[in-house]
Amino acid sequence: MTHTTEFHARPTRCFTRSALVCTAALLTASATWAQERPAERPASSWSTGVFIGTETSPYDGADDNRRYLPLLGFENRYVRWAGPVLDLKLPSSGAVSYALRARYFDAGYKASDSVTFAGMDARKSSIWLGAKAEWQHPLGQLSTEWLTDAASHSGGQQIRLVAEKPLRLGRLALAPRVALVWQDRDYVDYYFGVRPDEATAARAAYAPKASFNTELGLRAFYGLTQQQSVFVDVHVTALGAPIKDSPLVSRSSVAGVRLGYVFGF
C-alpha cells in the first residue's frame, strides 16, 4: 500500500486570534497526508487530534494568542468538516473543486485584553459564509476563498488567494505557501479602527481603508503509522498599511507556530 500524493490545504486567516481556524486546516491536511490509503478513498473518514499553538498579536499591549485544544474532523463526498470550518462540496470541473463554506473566526477583543482598548467597545468574533475554489496542478496548488460576515458584526468581506507547492519525501510532506489576503474597509475599520467616541488624547480616531496582507508559511507533516501523523506549521504575515498604521497596533507583521498530532480512521 502506498501513500497518495493528494494534499488538501485550507485557506486560513492567521493574524487575529486564529490559531484554531488555521489548525482546523492542518487537521484535515495532516490526516490526508499521513494515512496510507488505497487509490480509491473511503466513502467517509474521521480524524481527531490535539495541537498547541502560539501567535503574536498585532495589538499594542495584548498578550500573544495561545491555544491548547483537541480537534475533530469528518469528510465524505458531500461535506468536509474540520473544527470551525464546514464545507458543502459542489460539483467539480476537471482539476478545479468548489464548495460553499462556513467558518467561525475567533477574531475579536474586549477592553480588558489590553490597556490600549480602555474605554473601547468590544469587537466580536463572527461566523463567516462564502465560497472557495481549489485548482490542483502538477506544479502546485492554487486556492481562493471569499467570505462575508454572516453575523454582521463588522459587515465586512475578505478574499484570500493561496499558492502552495506540496513536496513529498517518503513519510515527510512539506508544503511551502504564499498567500495574499484582502480585507475590505468595513472589516478593517471594525477590528482596527477607532470610533470618534472612543478617541482619547493618547488614541486618535482612526477610520482605515481596505488592506492587503501577505503571508509566507511552511507546513510539514510526518506519518508515524498508517493512521497517525504529527505536523508543524510556521508562518509570518506582513500587515497592510491600513492595519499597521492603526493606533491600536504596534507591529508591522505577526508570526505563529503550531504543533500537533492527528489520528485518522
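Predicted, not measured: the structure shown is a model, and the values here were computed from it. (Residues numbered from 1 in each chain as written. Predicted model: local features only at pLDDT ≥ 70, side-chain atom pairs only at ≥ 80, totals over all residues. Heavy atoms only, no water.)

Of note, serine 152 is a non-glycine position whose phi angle comes to about 60°, a positive value. Turning to its location among the elements, serine 152 is positioned in the loop between β7 (140–149) and β8 (157–164). For serine 152, a relative accessible area of 54% translates into the label exposed. (Helix = DSSP H or I, 4+ residues; strand = E, 2+ residues; numbered from the N terminus. Buried < 20%, exposed > 50% of the residue type's maximum accessible area, 1.4 Å probe, protein only.)

Below, the discussion takes up the confidence of the model for the protein. With 84% of its residues at a pLDDT of 70 or more, the protein has an overall mean of 85. Put simply, helix α1 (residues 19–34) is where the protein has its lowest mean pLDDT, 49, and helix α2 (residues 185–192) is where it has its highest, 97. Counting interchain partners and residues more than four positions distant, the pLDDT-below-50 stretch residues 1–23 has 111 contacts. Between residues 34–39, whose pLDDT stays under 50, and residues either more than four places distant or in other chains, the model counts 24 contacts. (pLDDT = per-residue confidence, 0-100. Contact = heavy atoms within 4.5 Å.)

Before going further, it helps to examine the nonpolar core. Counting 21 residues, the largest nonpolar core has Tyr59, Tyr191, Phe192 and Leu248 as the members making the most contacts within it. A per-element tally of this core places α2 first, with five residues. By size, the runner-up hydrophobic cluster in this structure holds six residues, among which are Phe51, Ala173, Phe221 and Phe231. (Core = buried A, V, L, I, M, F, W, Y, C linked by side-chain atoms within 4.5 Å.)

Our focus in this paragraph is the pattern of salt bridges. Within the structure shown, the criterion is met by 18 salt bridges. In this structure, the salt-bridge partner of glutamate 55 is arginine 258, at a minimum N-O distance of 3.8 Å. Separated by 203 residues along the polypeptide, glutamate 55 in strand β1 (residues 44–55) and arginine 258 in strand β13 (residues 253–264) bring together distant segments of the chain. Taken as a pair, glutamate 55 and arginine 258 share a single burial class, namely buried. Where glutamate 215 meets arginine 177, a salt bridge forms, and the shortest distance between an N and an O atom there is 2.7 Å. Linking glutamate 215 in strand β11 (residues 211–223) with arginine 177 in strand β10 (residues 172–183), this pair joins segments that are 38 residues apart in sequence. For glutamate 215, a relative accessible area of 1% translates into the label buried. Residues participating in the shared-partner salt-bridge network are Glu55, Arg160, Glu164, Arg177, Glu215, Arg219, Asp233 and Arg258. (Salt bridge = Lys/Arg side-chain N within 4 Å of Asp/Glu carboxyl O.)

Moving on, we get to the pairing of strand β12 (residues 228–238). A regular strand places its side chains on the two faces of the sheet in alternate fashion. Because side chains alternate across β12, one face comprises the buried residues Ser229, Phe231, Asp233, His235 and Thr237, and the other comprises Gln228, Val230, Val232, Val234, Val236 and Ala238, none of which is buried. Where β11 lies against β12, 10 bridges are found, and the strand directions are antiparallel. Bridge pairing in β12 places alanine 220 opposite valine 232. Taking the residues that link successive antiparallel strands as the turn, the β11-β12 hairpin has four residues. (Pairing = 2+ DSSP bridges.)

It is worth spelling out a nonpolar patch on the surface at this point. Where nonpolar side chains cluster on the molecular surface, the patch consists of Ile52, Tyr68, Leu218, Val234, Val257 and Leu259 and spans about 510 Å² of accessible area. Examined against the element boundaries, isoleucine 52 turns out to sit in strand β1. Residue isoleucine 52 is classed as partly exposed on the basis of its relative accessible area of 41%. (Patch = residues over 30% accessible without salt bridge, like charges linked within 9 Å, V, L, I, M, F, W, Y side chains within 5 Å. Areas by Shrake-Rupley, 256 points an atom, 1.4 Å probe, with all protein chains shown as cover.)

Turning next to the packing of aromatic side chains. Scanning all chains against the criterion turns up 11 aromatic pairs. Residues phenylalanine 263 and phenylalanine 265 carry aromatic rings whose centres are separated by 5.8 Å and whose planes lie at 35° to one another, so their mutual orientation is tilted. Residue classification places phenylalanine 265 among the partly exposed residues on the basis of a relative accessible area of 46%. Taken together, the aromatic side chains of Phe105, Trp128, Tyr187, Tyr190 and Tyr191 make up a single cluster linked through ring pairs. (Phe/Tyr/Trp six-rings, centres within 6.5 Å; stacked < 30°, edge-to-face > 60°.)

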